Structure formats: structure tokens, C-alpha cells
Amino acid sequence: MAAEGGGKEMNEIKTQFTTREGLYKLLSHSEYSRPNRVPFNSQGSNPVRVSFVNVNDQSGNGDRLCFNVGRELYFYIYKGVRKAADLSKPIDKRIYKGTQPTCHDFNHLTATAESVSLLVGFSAGQVQLIDPIKKETSKLFNEERLIDKSRVTCVKWVPGSESLFLVAHSSGNMYLYNVEHTCGTTAPHYQLLKQGESFTVHTCKSKSTRNPLLKWTVGEGALNEFAFSPDGKFLACVSQDGFLRVFNFDSVELHGTMKSYFGGLLCVCWSPDGKYIVTGGEDDLVTVWSFVDCRVIARGHGHKSWVSVVAFDPYTTSVEESDPMEFSGSDEDFQDLHFGRDRANSTQSRLSKRNSTDSRPVSVTYRFGSVGQDTQLCLWDLTEDILFPHQPLSRARTHTNVMNATSPPAGSGGTNPGSNGNSITTPGNSVPPPLPRSNSLPHSAVSNAGSKSSVMDGAIASGVSKFATLSLHDRKERHHEKDHKRNHSMGHISSKSSDKLNLVTKTKTDPAKTLGTPLCPRMEDVPLLEPLICKKIAHERLTVLIFLEDCIVTACQEGFICTWARPGKV
């Protein structure tokens with residue numbers, strides 16, 4: 001991605017960025033790290049991870065954070081945007097020998113100012129339960145490594161439970177534990193409970209109840225991450241074999257699957273209403289999958305290397321009730337995009353109304369983010385025209401037209417690879433056939449709409465750039481015209497990477513033959529999102545992205561945890 005000024009600015013690390021909500025600012029005094037602030041030499045060590053918990057103490061400063069760096073684990077009071085970080089006084093610090101912490105998770109149900117339950121997974125396969133406030137005795141699970149000898153990749157408390165937790169390993173196995181039970185002194189014996197397409201679930205066979213309660217074997221290769229749906233009923237798993245698999249957790253049924261474009265999937269997250277899942281991985285793409293329809297609805301291209309974390313921003317996911325045909329180009333429609341606490345809390349209930357049969361349609365925009373090994377942070381908007389493409393003339397299209405009339409030409413300083421003039425396709429091709437001809441937009445309009453929101457301000461930035469991330473090419477048409485395809489880049493992917501992608505499409509023979517099937521549609525068969533912003537924010541690969549109410553938290557492999565204040569929150 002070219003930096004605004006090109007040249008040497010390419011390697012400059014950004015300390016602020018602007019979206020339609022306003023300016024996000026890096027707070028240098030709120031940086032957490034090891035007390036000596038020395039960059040950690042991360043060669044061969046496990047990713048730095050960050051976990052948060054709120055202990056609801058009376059002072060109003062109840063946030064606590066835990067992070068691992070190499071062999072060390074730290075537990076601090078998190079002061080966020082309010083006060084500078086005091087690194088000289090960690091509440092707890094642990095250094096491990098012979099094994100390294102790889103991941104951790106707090107139990108939010110049981111957390112108090114006097115006691116928190118923190119699970120920590122390790123590179124040699126063990127899981128430890130500790131209380132960094134009480135610092136009392138801890139419990140160790142899989143201590144003798146009789147259950148699994150491979151690295152713990154993900155550990156999470158089961159939502160709504162004070163005692164059950166789930167642990168995934170690089171062996172591709174997942175185990176359900178109860179903190180009250182022991183692990184026994186011998187290797188567990190298993191009994192088949194359920195078998196399905198590329199997964200099996202076993203129960204532990206023993207006279208007295210012992211851990212693990214269940215053993216899941218999912219896909220091939222490492223199970224890289226899992227995430228529970230917001231209601232806790234479903235479990236999304238991503239594996240090194242490139243598959244997303246979504247299970248009903250209680251009934252142990254497979255709900256749906258998806259395959260990456262190529263390579264392993266590394267990360268997964270759910271939208272706040274549980275309707276969409278986003279994955280990231282070794283194909284450098286973010287992929288949006290509909291939980292209800294069990295299909296890929298969009299891909300996002302902005303990263304230049306593997307995507308390590310994806311996360312939805314529940315505080316910027318906006319829902320507004322409105323009649324789509326009333327849009328007059330005025331700014332008022334978008335006043336409530338700049339919402340605070342009150343809107344955020346009602347987001348979930350309003351999202352659930354989105355598919356109800358009200359006479360007034362509800363317009364929705366989901367915001368999510370991703371960070372990658374390319375040291376870049378990308379923010380993405382998922383908007384009406386992607387979510388509901390069958391609507392004849394949605395508000396989104398109206399905006400896109402307005403935007404084309406008011407936005408500067410695509411080449412005027414956007415930071416996206418597609419914003420150089422020569423990637424604009426000839427106006428001859430129009431938008432996909434389902435639209436009546438008169439409503440279709442010429443390609444140049446769409447390419448302009450794709451130009452970065454950083455080049456817009458005022459009314460346009462607040463409203464119109466909400467839809468500035470879509471490329472609505474009729475790529476099907478181009479697919480049949482090979483010469484045409486050769487002369488144009490794939491719209492919003494810069495020509496270099498597009499050649500690479502086209503090459504991959506032609507030469508890669510997928511053993512599972514999934515490309516071009518609903519499991520893994522071709523690039524030209526699903527909309528391609530452009531990032532709202534894509535900024536280099538670190539020297540080392542990024543491993544953490546967490547959206548909090550007044551800030552965004554990121555961390556890199558050097559062990560620096562950064563706080564980005566949201567607009568108006570400094």
C-alpha cells in the first residue's frame with residue numbers, strides 16, 4: 001500500500017488515522033510492555049497475546065490486562081485512555097521454565113476485585129488455572145501431558161459457565177475440561193460419541209468423572225483458533241487445513257463449513273449479533289461468511305501477508321431505521337453514526353430486528369478490523385449492498401452515486417492499491433445483471449467509490465464513505481473475456497498481486513477440488529471489499545486486536561501493547 005506521500009514514508013509507522021467517526025490517536029503514555037520497555041527479541045517465540053477482564057471495583061478503574069511475552073506473563077491494572085501506564089507495579093508477574101505461555105482467558109462471570117480466574121495455555125500442552133490477584137495455589141491440567149503433548153493454540157471458558165473450559169491444540173484436538181475434576185494418573189480411555197464429516201467427538205471412559213470430559217478431533221493439522229457465538233450455542237473453529245467448521249456446541253452437530261482461498265486459516269470471530277463470521281489466514285484475505293446461509297458473502301483484500309487476528313467492533317457497528325427511498329443527500333440521515341455508549345448497548349437488540357417484518361427497513365453497517373504479519377491494521381465496513389444484494393435499488397447505491405459526484409478522482413491521494421488511475425476499468429461494463437440497466441453504475445463510478453475515506457471529509461466522510469468499501473464489478477463478464485482480463489487488474493487488487501492471484505487460480509490444483517464450489521467460490525464470484533483504512537502501525541508482526549468502548553488495543557511481537565483512543569476520547 002502506497003503511503004500518502006509515497007517514497008520514504010512507506011516505512012513510517014502511523015500514530016493516528018481518520019475514519020468517518022473521526023480521528024483515532026495512539027496514546028504513547030498508555031503503552032504496556034515488560035517493565036524495562038526493551039523490545040522483545042521474538043525469534044521463535046509464541047505470539048504475544050492480550051486478555052482483558054473488568055473486576056467491577058468501586059474506584060471505576062476495574063479493567064485488568066494480562067499479556068505474555070516469551071517466557072513471561074504479566075498482569076496489570078489497565079488505565080486505558082485515562083491515565084499513563086505504570087509499568088513498575090505489575091499486580092502479578094510470572095516467569096516459566098521449560099515451556100512458554102501461548103494463550104490465556106479470564107472468566108468474566110466470576111471476576112471480582114479480590115479474585116479472578118485466569119486460564120493459561122502452554123507450548124508443551126499444559127493448561128494452568130491461576131488467580132493473579134490472590135496469587136494462591138493454582139491448578140495444572142494435562143500436567144503429565146498424558147492427554148495431549150502438543151502446543152495449546154487457544155483456551156477459552158465456556159460462555160455462561162464458572163467451571164467448564166475448552167482447549168485447542170496444534171494436534172488438531174480440542175478438549176473440554178471441568179476445573180473441579182482431576183486429570184487422572186493414566187492416559188484417558190475414550191468412547192466414540194459422534195462422528196461426522198472430518199470430525200469425531202469422544203467421551204472419556206472411566207469409573208469416576210475425570211478430565212477431559214470430551215475430546216474433539218477436527219479436520220487435519222493444527223486447530224489454530226476457535227470462537228463461541230455471542231449466545232454461546234455455536235462454536236466456530238479454524239484449522240491449518242484451510243477449513244472453517246461451525247458446530248452446534250451442545251448437540252455436537254456440524255452446522256456448516258467453508259474453505260480458505262488457499263493455505264491455513266489462522267483466526268476467526270463472530271459479528272455481535274451472531275449472523276456473520278469473519279476469518280483470516282495464509283491467503284492474506286479476510287473472508288465474511290453468513291451463518292444463516294452458510295456461504296461466503298464477501299472477501300477483503302488489503303493485507304500483504306498472513307492475517308493473524310480478526311475482530312468485530314461492536315461500538316461502531318451501527319443500525320438505523322429508515323426508509324431507503326427518502327434519502328436526499330442530506331447530512332441529517334447520518335447524525336446518529338456518531339454515537340456513544342447508549343447506541344452501542346442497543347446495537348444487539350436493534351440488529352436482531354434487522355430481519356423482522358417491520359414496515360420500516362433497518363439499515364446496518366458492521367465494522368470489523370484485522371491485523372497481520374505485514375504489521376498493518378485494516379478496518380473494514382460491511383454494508384447493505386453486500387449483505388442484501390438482491391434489493392432492487394438500495395440506499396447504498398444511491399450513496400455510491402452521490403459519492404461519485406462529490407468525491408475526488410480515485411487517483412488523488414488515496415492509500416489503496418486500487419486507487420491508481422490505470423486500475424479503473426472501462427465504463428463499458430456495468431453492474432451485475434440482477435439490476436435493471438438504468439440503475440447500474442459504470443465501473444469508474446464504483447472505482448471512485450472505492451477510493452479511500454482518507455481523502456474525504458465533512459458530510460461526505462460522515463455519511464457517504466460508509467459505503468466506500470465496495471467493489472461491485474461485474475467480474476463474471478470479465479471472466480469470459482480472457483483478453484480483457486489480461487489488460488485490467490482485478491479492480492481493487494493492485495496489478496502485481498492480481499497477476500499472482502490469477503496465476504494461483506490457474507495453476508493451483510486443490511486436492512479437495514473445492515475452488516469454484518460454494519465451499520470456496522472463485523474470486524470473481526463474490527464481492528471484494530476494500531479496507532476503509534490500512535496503516536502500518538508496528539515494526540514487528542501484529543498479534544492482537546481488541547475493540548474496547550473508548551479505545552482500540554493492538555500489540556506486536558516485540559511485546560508492546562498499544563492503546564488507540566477513539567475519536568473524542570482522549
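Residues numbered from 1 in each chain as written. Predicted model: local features only at pLDDT ≥ 70, side-chain atom pairs only at ≥ 80, totals over all residues. Heavy atoms only, no water.

In this section: the pattern of salt bridges. In this structure the tally under the stated criterion is twelve salt bridges. Notably, a salt bridge pairs Arg34 with Glu72, separated by 3.5 Å at the nearest N-O pair. On the criterion of sequence distance, the pair formed by Arg34 in the loop between β2 (22-26) and β3 (50-54) and Glu72 in strand β5 (residues 72-77) is long-range, its members being 38 residues apart. By relative accessible area, Glu72 is classed as buried at 15%. For the salt bridge of Asp313 with Arg566, the shortest nitrogen-to-oxygen distance reads 2.8 Å. Placement of the pair is Asp313 in the loop between β25 (307-312) and β26 (318-321) and Arg566 in the segment after β34 (561-565), with a sequence separation of 253 residues. Each member of the pair, Asp313 as well as Arg566, carries the same accessibility label: buried. Here the residues in one salt-bridge network are Arg20, Glu21, Arg367 and Asp381, joined through shared partners. (Salt bridge = Lys/Arg side-chain N within 4 Å of Asp/Glu carboxyl O. Helix = DSSP H or I, 4+ residues; strand = E, 2+ residues; numbered from the N terminus. Buried < 20%, exposed > 50% of the residue type's maximum accessible area, 1.4 Å probe, protein only.)

Here we take up the environment of Gly22. Position of Gly22 relative to the elements: it lies in strand β2. C-alpha separation for the pair Gly22 and Arg566, spaced 544 residues apart in sequence, amounts to 8.0 Å. With residues near it in sequence (within four places) discarded, Gly22 still touches Phe17 and Pro567. (Contact = heavy atoms within 4.5 Å.)

With antiparallel pairing, the four strands of this open sheet are ordered in space as β3-β4-β5-β6. Because the sheet does not close on itself, it has two edges, and the strands there are β3 and β6 (92-95). The sheet shows a mean angle of 15° between the axes of neighbouring strands, direction not considered. As paired elements, β3 and strand β4 (residues 63-69) share five bridges and run antiparallel to each other. When the bridges of β4 are listed, Asn54 appears paired with Asp63. (Pairing = 2+ DSSP bridges. Axes fitted to C-alpha atoms, helices over the stretch in contact; angles between N-to-C directions.)

The next point concerns the state of the cysteines. Within this structure, the stated rule accounts for zero disulfides. Free of any disulfide, Cys183 has its nearest neighbouring cysteine sulfur in Cys204, separated by 9.4 Å. Not part of a disulfide, Cys556 finds its nearest cysteine sulfur in Cys562, a span of 6.5 Å. (Disulfide = S-S within 2.5 Å.)

Before going further, it helps to examine the UniProt feature "repeat: WD" (unreviewed entry) in the protein chain. If you check UniProt for "repeat: WD" (unreviewed entry), the listed places come out as residues 258-290 in our numbering. Strand forms 61% of residues 258-290 and helix 0%; the C-alpha atoms that close the span are 10 Å apart. (UniProt positions renumbered as here; feature names shortened; annotations may be inferred.)

Grouped together as the largest cluster of nonpolar side chains are 23 residues, with contacts concentrated most on Val278, Val288, Phe368, Leu382, Leu387 and Leu529. Those elements that place two or more of their residues in this core are β21 (265-270), β22 (276-281), β23 (285-290), β24 (295-301), β25, β27 (362-372), β28 (376-382) and α2 (384-387). The residues contacting Phe368, other than those within four sequence positions of it, are Val278, Val286, Val288, Ala311, Phe312, Asp313, Cys378, Leu379, Trp380, Leu382 and Leu529. Membership of the second largest hydrophobic core comes to 22 residues, among which are Tyr78, Val81, Val544 and Val553. (Core = buried A, V, L, I, M, F, W, Y, C linked by side-chain atoms within 4.5 Å.)

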